[in-house]
Structure formats: C-alpha cells, structure tokens
Amino acid sequence: MAEGHSAGGTDNGAETSEDVVDERTAVQLVYRPQSADTLVGLRVRERIKRTGLLLRGVSLALCVGYWLVSAVGRGRIDAVSTVPFLFLVLMMWGYPRLQAAHVQRIIGWQGEYRATVSPAGITCRTDHCTLVQKWSVFQGYRETADHFVLLSRDPNIMCLDVLPKRGVREAEGLDRLRPILDQHTTRV
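Thresholds, definitions, all that
- Residues numbered from 1 in each chain as written.
- Predicted model: local features only at pLDDT ≥ 70, side-chain atom pairs only at ≥ 80, totals over all residues.
- Heavy atoms only, no water.
- Helix = DSSP H or I, 4+ residues; strand = E, 2+ residues; numbered from the N terminus.
- Buried < 20%, exposed > 50% of the residue type's maximum accessible area, 1.4 Å probe, protein only.
- Contact = heavy atoms within 4.5 Å.
- Areas by Shrake-Rupley, 256 points an atom, 1.4 Å probe, with all protein chains shown as cover.
- Expected span 1.5 Å × (residues − 1).
- Bend = angle between axes of the 7 residues up to and from the residue.
- 1 Å grid on protein atoms, 1.4 Å probe; cavity = no way out; pocket = protein on both sides within 12 Å on 5 of 7 lines; lining within 4 Å.
- Points joined across faces, edges and corners; volume = space filled by probe spheres on them.
- Nonpolar A, V, L, I, M, F, W, Y, C, P; charged D, E, K, R; others polar.
- Phe/Tyr/Trp six-rings, centres within 6.5 Å; stacked < 30°, edge-to-face > 60°.
- Lys NZ or Arg CZ within 6 Å of the ring centre and 35° of its normal.
- pLDDT = per-residue confidence, 0-100.
- Pairing = 2+ DSSP bridges.
- Axes fitted to C-alpha atoms, helices over the stretch in contact; angles between N-to-C directions.

### Quick notes on the overall build of the chain
Piece 1. When you go through the chain residue by residue, the secondary structure sums to 5 helices and 7 strands.
Piece 2. Across the chain, helices and strands are ordered from the amino to the carboxyl terminus as α-β-α-α-α-β-β-β-β-β-β-α.
Piece 3. Of all 188 residues assigned to the chain, the portion counted as buried reaches 34%.
Piece 4. Looking at the chain alone, contacts between residues at least 24 apart form 56% of all its contacts between residues at least 6 apart.
Piece 5. For the chain, the accessible area works out to roughly 11700 Å², and carbon and sulfur atoms hold 60% of it.

Set out below in structure tokens:
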C-alpha cells in the first residue's frame with residue numbers, strides 16, 4: 001500500500017491526532033474533572049477579564065450603600081431590607097461556585113479524561129468523545145499552584161481548558177509540559 005493512501009484507495013488529506021502526536025515530547029494527563037478545577041478556571045478568567053469582578057464589586061458597593069443609607073435613615077436595622085441584602089451578597093459570593101457545580105454536572109458523567117499535550121495541540125479523550133484543539137485556539141495560559149488554565153482566543157474567553165497537575169503521571173511530566181505551553185502560547 002502506498003504511503004498517504006487509505007485502504008480504500010482515497011486520501012482525503014485529513015490528519016488524525018495520532019498522525020501528529022510525537023510521543024517523545026507529548027505529555028499525558030489522566031484525571032477525573034472536579035468542580036474545584038472548574039472554579040479555578042473561572043477565577044483565572046475573572047482575574048484576566050476583570051469586567052465580571054468590576055461589575056460584582058460595583059453591585060456589592062451599591063447594595064451596601066443602599067442598605068446603609070436605609071438603615072441610617074430609619075435609625076435602625078430593618079429585617080425587610082437586611083434579608084434581601086444578605087441574599088444578594090450570598091449570591092454574588094456563591095455564583096462562581098454554582099457555575100462550577102453546573103459545569104461539573106455537564107462534564108462529570110463522562111468519567112476519566114485522558115489529555116495529551118503535544119506540539120500539535122491538545123487532544124482530550126473520554127469514553128464518549130475526543131476533542132482535538134490546535135494551539136491557535138488559545139490566547140494564553142496561566143499556571144496556578146495545582147492547575148494549568150488555558151484561555152480561548154475569543155474576546156469573552158468563553159472556553160477554558162483546565163489541566164490539573166494531579167493528572168500528570170510521570171515525574172518529569174510537568175517539566176516537559178511547561179516548555180510546550182511556553183513555546184505554543186503565552187503566559188497571561
């Protein structure tokens with residue numbers, strides 16, 4: 001059989017992820033996603049975008065200001081204004097956690113994730129699907145104590161890839177992973 005032709009005799013020119021992954025430089029991660037992983041990714045995105053953090057801060061300041069003005073105006077703290085104020089504060093604090101739990105419900109049923117990070121990109125496999133992403137999808141990454149968070153190139157950073165360091169099985173895996181990330185995307 002000629003090289004570059006499939007068994008059917010046609011070559012559609014498409015490369016599979018197995019064709020482009022160099023096993024010597026690729027780093028394998030095997031992990032089960034947790035809501036804490038997603039929460040780390042959401043916090044990183046929030047710090048980079050700053051608009052969500054700014055909006056939550058302004059909203060909280062307005063709520064506190066309104067509550068204080070109404071309490072001083074009445075001369076006492078009223079339960080009618082305090083209960084909604086506490087509810088809003090709790091919702092602002094808890095929203096990222098609710099969002100992370102929701103994402104976990106969406107992706108958690110897929111079980112174990114097997115991610116391969118190589119010079120060609122990131123390939124993530126589960127028992128149900130395979131996702132191949134080239135480096136051009138990402139604007140950059142940020143390393144935290146326990147994760148690598150890759151941020152998509154779109155203006156709202158709607159997509160995040162969170163690679164937990166606990167998924168690296170080889171002792172030198174993290175030392176090989178950082179140069180791959182640095183070579184193909186930037187630290188943000």
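Moving on, there is more to tell.
### Brief notes about helix α4 (residues 79–107)
Piece 1. Here α4 spans 40 Å end to end across 29 residues, near enough to the 42 Å set by a 1.5 Å rise per residue.
Piece 2. The sharpest bend along α4 reaches about 50° and sits at Gly94, with the proline Pro96 one to four residues further on.

### Things to note about the layout of surface pockets
Piece 1. Reported here for the largest pocket is a volume of approximately 680 Å³.
Piece 2. In terms of lining, the largest pocket is formed by 25 residues, of which the most central are Val103, Ile107, Leu160, Asp161 and Val162.
Piece 3. Elements represented by at least two residues in the lining of the largest pocket include exactly α2 (35–49), α4, β3 (121–125), β4 (130–133) and β7 (160–164).
Piece 4. In terms of residue class, the lining of the largest pocket is built from 16 nonpolar, 6 polar and 3 charged.
Piece 5. Forming the boundary of the second largest pocket are 13 residues, of which Arg45, Glu46, Gly52, Tyr95 and Gln99 lie nearest the centre.
Piece 6. Within the residue set of the lining of the second largest pocket, elements represented by two or more residues are α2, α3 (51–74) and α4.
Piece 7. For the lining of the second largest pocket, a count of residues per class yields 5 nonpolar, 3 polar and 5 charged.

### Describing the packing of aromatic side chains
Piece 1. A full pass over the atoms with the stated rule returns 4 aromatic pairs.
Piece 2. With centroids separated by 6.2 Å and ring planes inclined at 55°, the aromatic side chains of Tyr141 and Phe148 adopt a geometry described as tilted.
Piece 3. The ring of Trp93 is capped by Arg97, whose NZ or CZ atom sits 4.1 Å from the centre of that ring.
Piece 4. Geometry around Phe148 places Lys165 over its ring, the cationic atom sitting 5.2 Å from the centre.

### Section: the confidence of the model for the chain
Where the model shows low pLDDT, its predicted coordinates should not be examined in detail.
Piece 1. Scored by pLDDT, the chain comes out at a mean of 85, with 88% of its residues at no less than 70.
Piece 2. Across residues 1–20 the pLDDT falls below 50, and counting only partners more than four positions away or on other chains, this stretch makes 11 contacts in the model.

### Details of the sheet that holds strand β5 (residues 138–143)
Piece 1. What the 3 strands build is an open sheet, ordered β5-β6-β7; its pairing is antiparallel. Here the strands that pair on one side only, and so sit at the sheet edges, are β5 and β7. Between one strand axis and the next, the sheet turns through 15° on average, direction left out of account.
Piece 2. One ladder, built from 5 bridges, connects strand β6 (residues 147–152) with β7; its direction is antiparallel. The partner of Phe148 across the bridge, within β7, is Leu163.
Piece 3. Along the sheet face, α2 touches β5, β6 and β7 and points at about 55° away from the line of β6.
Piece 4. Sheet contacts for helix α5 (residues 173–184): β5 and β6; angle to β6, the most-contacted strand, approximately 20°.

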